[in-house]
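Notes for the structure review
Each chain, letter by letter, is given below.
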Amino acid sequence: MIGRSLAAAAIAVLLSGCATSIMDGLWGDDTSASSTSTAGLTAGVAPDMTASQDDAAVAKLYNDGLSELSSGQNKSAIKKFSEVERQYPYSSFATKAILMQAYANYRMGKWDDTVVAANRFVTLHPGHRDAGYAYYLIAVSNYNKIADTRRDQSATQQALVALEEVAQRFPGTPYAADAEQKVIVARDHLAGKEMEVGRFYYRKGSYLAGINRFKRVVTEYRNTSQTPEALYRLSEGYMALGIVSEAQTAAAVLGTNYPDSEWYKDAYNLVSSDGQAPVQNEESWISKAFSSINPL
């Protein structure tokens, strides 16, 4: 319960923070870059080969979409950008219009529509200078769909994969920095789901099934806020099964890495209740899952 509330609080903070400024940053770039017809065409994108009056027309239509965005008329903006694509499909304005549709959908909280538009952008223009932003939109939209740990976590898994891709493909960018922070929360959320299921099995008396869930937290999501409780739950489960050595090891590892944790106090009392002390077995899988370096 404690770990889950911490994850929820972290999600709330991150969702209200950096992502918005990054989104608005792109909006600022679009405002300045779109004020002319052909002079602002993006390098590497086929230029509009129509007559100059058509250039002016597409620029006006695109800029009308930007004006709609600035006034909060997101639906109208999407229609304008869609018309840019339809009427001038080979212009650089059409290229950027796809991304702006994704952005407008993001502003309305339409995460699935955002992902569809952003995916279309990176599929058609994988080498575009704004590809990183498109990947970021995909990642953060999936992130915004993260549900309570009692529900299916497929969106969380999708968000984690997308966020890690942004961090790896675009290092040193604001997108990567924000993605790295959100990766922490997504991993904590997935660990929280394992904890939820593990506790359920324990309540049913299915200790082996519960241990397998807590084992996943320790081995796959070690650097999360859920790990101290997972180690305590391993002590609890192994004691219930009479496997005292593993229970002691879990408690000892918990004490080494999280000595100030309330979970360690409970684990210590649990394994010491019959005169046993939390002694670590170096051959245990629990010991091998941890190095001598504190995971935090």
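Keep in mind it's a predicted model, so treat the numbers as computed, not measured.

Thresholds, definitions, all that
- Residues numbered from 1 in each chain as written.
- Predicted model: local features only at pLDDT ≥ 70, side-chain atom pairs only at ≥ 80, totals over all residues.
- Heavy atoms only, no water.
- Helix = DSSP H or I, 4+ residues; strand = E, 2+ residues; numbered from the N terminus.
- Buried < 20%, exposed > 50% of the residue type's maximum accessible area, 1.4 Å probe, protein only.
- Contact = heavy atoms within 4.5 Å.
- Areas by Shrake-Rupley, 256 points an atom, 1.4 Å probe, with all protein chains shown as cover.
- Axes fitted to C-alpha atoms, helices over the stretch in contact; angles between N-to-C directions.
- Parallel < 35°, antiparallel > 145°, perpendicular 65-115°, else oblique.
- Left-handed = near helix turned anticlockwise from the far one by under 90°.
- Polar contact = N/O pair within 3.5 Å; in protein donor to acceptor, adjacent residues only side chain to side chain.
- pLDDT = per-residue confidence, 0-100.
- Salt bridge = Lys/Arg side-chain N within 4 Å of Asp/Glu carboxyl O.
- Nonpolar A, V, L, I, M, F, W, Y, C, P; charged D, E, K, R; others polar.
- Core = buried A, V, L, I, M, F, W, Y, C linked by side-chain atoms within 4.5 Å.
- Phe/Tyr/Trp six-rings, centres within 6.5 Å; stacked < 30°, edge-to-face > 60°.
- Lys NZ or Arg CZ within 6 Å of the ring centre and 35° of its normal.

**Thoughts on the overall build of the protein**
Scanning the protein from N- to C-terminus turns up 14 helices and 0 strands. Order of helices (α) and strands (β) in the protein, N terminus to C terminus: α-α-α-α-α-α-α-α-α-α-α-α-α-α. Taking all 296 residues of the protein together, the buried fraction comes to 49%. Intrachain contacts of the protein at a sequence separation of at least 6 include 65% that bridge at least 24 residues. For the protein, the exposed area adds up to about 14000 Å²; of that, 53% sits on carbon and sulfur atoms.

**With respect to the packing of helix H5 (residues 92–107) against helix H7 (residues 131–143)**
Relative to each other, H5 and H7 sit at 25°, their axes nearing to 11 Å. The pairing of H5 with H7 is recorded here as roughly parallel in orientation. Handedness of the H5/H7 crossing: left-handed. Across the interface between the two elements, Leu99, Ala102, Tyr103 and Tyr106 of H5 pack against Tyr133, Ala134, Leu137, Val140 and Ser141 of H7.

**Focus on the environment of Arg199**
Relative to the assigned elements, Arg199 resides in helix H9 (residues 174–203). Distance in space between the C-alpha atoms of Arg199 and Arg233 is 8.3 Å, their sequence separation being 34 residues. A polar contact of 2.9 Å, which involves the side chain of Arg199, links it to the side chain of Glu229.

**Focus: the confidence of the model for the protein**
Interpretation of this model should avoid reading the predicted coordinates in detail wherever pLDDT is low. The predicted model of the protein has a mean per-residue pLDDT of 80, with 78% of residues at 70 or higher. Low pLDDT, under 50, characterises residues 1–53; the predicted model gives this stretch 89 contacts beyond four residues in sequence or across chains. The model gives residues 292–296 a pLDDT under 50, and that stretch makes 8 contacts with residues more than four places away or in other chains.

**Things to note about the pattern of salt bridges**
For the coordinates displayed, the defined rule picks out 16 salt bridges. Put simply, Asp64 and Lys60 hold a salt bridge, and the shortest N to O gap is 3.0 Å. Of this pair, Asp64 and Lys60 are both found in helix H3 (residues 52–70), 4 residues apart, which corresponds to roughly one turn of the helix. One salt bridge connects Lys182 with Asp178, and the closest N-O pair in it is separated by 2.7 Å. Of the two residues, Lys182 and Asp178 both sit in helix H9, 4 residues apart, roughly one turn of that helix. Across this residue pair, the class does not change: Lys182 and Asp178 are buried. Residues joined in a network through salt bridges with shared partners are Glu194, Arg213, Arg216 and Glu220.

**What about the packing of helix H10 (residues 207–220) against helix H11 (residues 227–241)?**
Put simply, H10 and H11 touch, their axes get as near as 9 Å, and they point 150° apart. Compared by their axis directions, H10 and H11 come out roughly antiparallel. As H10 runs across H11, the sense of the crossing is left-handed. Residues Tyr207, Leu208, Ile211, Phe214, Lys215, Val217 and Val218 of H10 lie in contact with H11, whose contacting residues are Thr227, Ala230, Leu231, Arg233, Leu234, Gly237, Tyr238, Ala240 and Leu241. In the contact of H10 with H11, the residues fall into 12 nonpolar, 2 polar and 2 charged.

**So, the environment of Ala118**
Mapped onto the elements of the fold, Ala118 is located in helix H6 (residues 111–124). On the basis of relative accessible area, Ala118 is assigned to the buried category, the value being 0%. Along the sequence, Ala118 and Tyr136 sit 18 residues apart, while their C-alpha atoms lie 8.9 Å from each other. Beyond its immediate chain neighbours, meaning those up to four positions away, Ala118 contacts Ala102, Ala134, Leu137 and Ile138.

**Observations concerning the nonpolar core**
Counting 73 residues, the largest nonpolar core has Tyr62, Phe81, Val84, Val166, Leu231 and Leu234 as the members making the most contacts within it. Among the elements that line this core, the one with the most residues is H5, at 10 residues. Those residues in contact with Val84, other than ones at most four positions away along the chain, are Val58, Leu61, Tyr62, Pro89, Phe93, Ala94 and Ala97.

**A few points about the packing of aromatic side chains**
The tally for this structure, following the rule as stated, stands at 11 aromatic pairs. Arranged with centres 6.1 Å apart and planes meeting at 70°, the rings of Tyr264 and Tyr268 form a pair that is edge-to-face. You can see Tyr264 and its partner Tyr268 sitting in helix H13 (residues 262–271), 4 residues apart, about one turn around the helix. The partly exposed category is assigned to Tyr268, whose relative accessible area is 38%. For the cation-ring pair, Lys182 lies above Tyr143, with the distance from its terminal atom to the ring centre recorded as 5.2 Å.

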